[in-house]
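Coordinate analysis (summary)
What follows is the residue order along each chain.
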Amino acid sequence: MIKAEQKPFEEILEYLAPYGKILLSGCGACVTVCNAGGEKDGALLASALRMARRKMGKPIEILESTPARQCEPEFAQELTDTIGKVEAVLSVSCGVGVQTLARYFPATQIFPGVNTTFMGETVAHGVWEERCQACGNCILEKTAGICPIARCAKQLLNGPCGGSSKGKCEIKRETDCAWQLIYDRSKSLGQLHRLSAIIPAKQWGVESRDSGPRSIVREDLKV
Amino acid sequence: MSIFDPKIVAFCCEQSGVPAAEMAKTLKLKMPDNLELVPVPCSGRIETLYLLKALESGADGVVVFACYEENCRYLQGNIRLKGRVGYAKQIMAKIGLESERLEIFHVATNSGVKFTEILMQKVDQLRQLGPNPAK
Ligand code: SF4
Ligand code: SF4
């Protein structure tokens with residue numbers, strides 16, 4: 001799922017400085033799971049903002065709403081009436097949700113309340129790690145289910161590099177070397193022989209966003 | 001000039017804080033005038049939002065009376081509370097609120113005297129800090 005974390009409080013206060021009444025819009029999907037922009041996280045941020053603005057002698061009224069998925073037009077449109085009552089929106093969904101609101105509400109300023117950080121996995125309660133970079137042509141079948149694009153600092157397709165040491169990455173010593181993980185898992189699966197095949201260079205300019213923003217069209221689903 | 005009478009919201013775990021409050025009442029010990037007791041089944045029931053909402057809604061100070069660590073009936077409740085109070089204090093620091101406006105105290109069922117002593121000391125401390133500027 002998409003992972004995000006709240007923007008610095010000062011930065012949010014700065015965006016909202018000109019406004020006296022806003023909507024704080026959360027999202028009931030990914031950002032709820034990573035405790036950055038769900039209903040509870042939104043309520044906490046709204047409470048903190050109200051108090052900070054009272055303390056500054058410039059109170060702010062904050063309406064709160066959390067559509068099930070802010071990045072889906074039918075849920076985003078549920079906000080129409082509420083958005084009509086406010087001067088601006090602070091969205092604590094991922095950057096996709098912010099843009100959905102921006103598309104549907106062209107006359108309203110929409111500010112991001114979180115930094116959308118990566119696509120990742122919950123590895124322990126309160127700990128999330130990056131796992132996928134949406135490269136557009138998944139090669140996990142060749143790498144024992146461990147992604148070298150997202151998890152190797154150099155995105156090596158045929159690693160490890162010479163800096164792998166005691167299972168850790170030379171770029172970040174506290175991080176596991178992705179290629180050590182790939183080797184270890186291939187070995188335990190009895191599939192080490194697969195690693196002798198060279199993984200060809202990826203077609204970055206064709207598959208990934210190096211060729212601009214991507215889209216998926218399914219004619220059968222269009223209405 | 002009238003003396004500032006700080007409002008204290010005291011969350012009380014039903015396994016420790018509530019019986020301690022009842023004992024203080026039975027012993028007719030002095031309690032703060034402006035006190036709101038909020039019983040909770042376990043201090044782990046208290047969410048970070050409750051702590052902030054108490055401050056937002058008019059409290060000058062918030063205290064939590066919880067069981068001693070390793071003495072939680074539900075094993076981890078007071079440990080979870082500790083994490084949430086820590087998080088609430090981080091948010092308070094960003095707002096510019098003094099850390100003393102939120103505090104955990106560990107008590108047992110028979111801590112009636114300690115219960116009122118803590119609250120009366122809190123009243124003095126909050127008087128020195130003055131009213132919560134964010135309420
Ligand atoms: S290979 Fe590409 S699609 Fe597959 S997990 Fe890695 S980044 Fe994601
Ligand atoms: S040490 Fe491992 S993870 Fe780090 S850059 Fe080299 S191959 Fe990639």
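In this text, all values refer to a predicted model and were calculated from it rather than measured experimentally.

**A look at the sheet that holds strand E6 (residues 114–124) of chain A**
All names here are of chain A. Judged by pairing direction, the sheet is antiparallel, and its 3 strands sit side by side in the order E1-E6-E7 without closing on themselves. Strands with a single pairing partner mark the edges of an open sheet, and in this sheet they are strand E1 (2–6) and strand E7 (127–132). On average, adjacent strands in this sheet sit at an angle of 70 degrees to one another, irrespective of strand direction.

**Comments concerning the confidence of the model for chain B**
Averaged over every residue, the pLDDT of chain B is 97; the share at 70 or more is 99%. Overall fold confidence (pTM) sits at 0.94, and the ipTM for the predicted complex is 0.94.

**Thoughts on helix H3 (residues 77–95) of chain B**
With 19 residues, H3(B) should cover 27 Å at 1.5 Å per step; its first-to-last C-alpha distance of 27 Å lies within 8% of that length. Every buried residue belonging to H3(B) is among B:Gly77, B:Asn78, B:Leu81, B:Val85, B:Ala88, B:Ile91, B:Met92 and B:Ile95, and all of these are buried. Along H3(B), the residues classed as buried sweep out an arc of 125 degrees about the axis, all on the same side. Residues of H3(B) that are buried make contact with helix H1 (9–16) and helix H3 (39–55) of chain A together with helix H2 (48–56), strand E3 (61–66) and strand E4 (102–106) of chain B. B:Gly96 occupies a position one or two residues after H3(B) and carries a positive phi of about 95 degrees.

**Section: the sheet that holds E4(B)**
All names here are of chain B. The strand order across the open sheet built from 4 strands is E2-E1-E3-E4, with neighbouring strands paired in parallel fashion. Both outer strands of the open sheet, strand E2 (35–40) and E4, are each paired with one neighbouring strand and no more. Going from strand to strand, the sheet's axes swing by 20 degrees on average, the running direction of each strand aside. Across 5 bridges, the pairing between strand E1 (residues 8–13) and E3 is parallel. Counterpart to Ala10 in the pairing with E3 is Val63. Its contacts with the sheet place helix H1 (residues 17–26) against E1, E2 and E3, and it is angled at close to 115 degrees to E1.

**Focus on the pairing of E6(A)**
Residue and element names in this part refer to chain A. Where E1 and E6 come together, 5 bridges link them in antiparallel fashion. Of the residues in E6, the one forming a bridge with Lys3 is Phe118. The sheet contact formed by E6 and E7 spans 5 bridges and is antiparallel. Among the inter-strand pairings, Ala124 is bridged to a residue of E7, identified as Val127. Here E6 folds back onto E7, and the loop between the two strands holds 2 residues, one of which, Gly126, carries a positive phi near 85 degrees.

What counts and how
For every chain, the first residue of the written sequence is number 1, and numbering continues from 1 onward in sequence order. For naming, the first written chain is A and the first written ligand is 1, with later ones following in the order written. Predicted model: local features are reported for residues with pLDDT of at least 70 only, side-chain atom pairs are reported and counted for 80 or more only, and whole-chain, interface and lining totals are derived from all residues. Working from all heavy atoms in the structure, the side-chain values ignore hydrogens and water. Whether two strands pair comes down to DSSP finding at least two bridges between them. Strands here are runs of E lasting at least two residues and helices are runs of H or I lasting at least four, both read from the DSSP assignment and numbered beginning at the N terminus. Note on geometry: axes are C-alpha line fits, over the in-contact stretch for helices, and angles between N-to-C directions span 0 to 180 degrees. A score between 0 and 100, pLDDT records how confident the predictor is in each residue. Multiplying 1.5 Å by the helix residue count minus one yields the expected span of that helix. A simple rule labels every residue: compare its accessible area, found with a 1.4 Å probe on the protein chains alone, to the largest value its type can have, and call it buried under 20%, exposed over 50%, or partly exposed in between. Read the arc as the range of directions from the helix axis to the C-beta atoms. Contacts were defined at the residue level, with two residues in contact if any of their heavy atoms lie within 4.5 Å.

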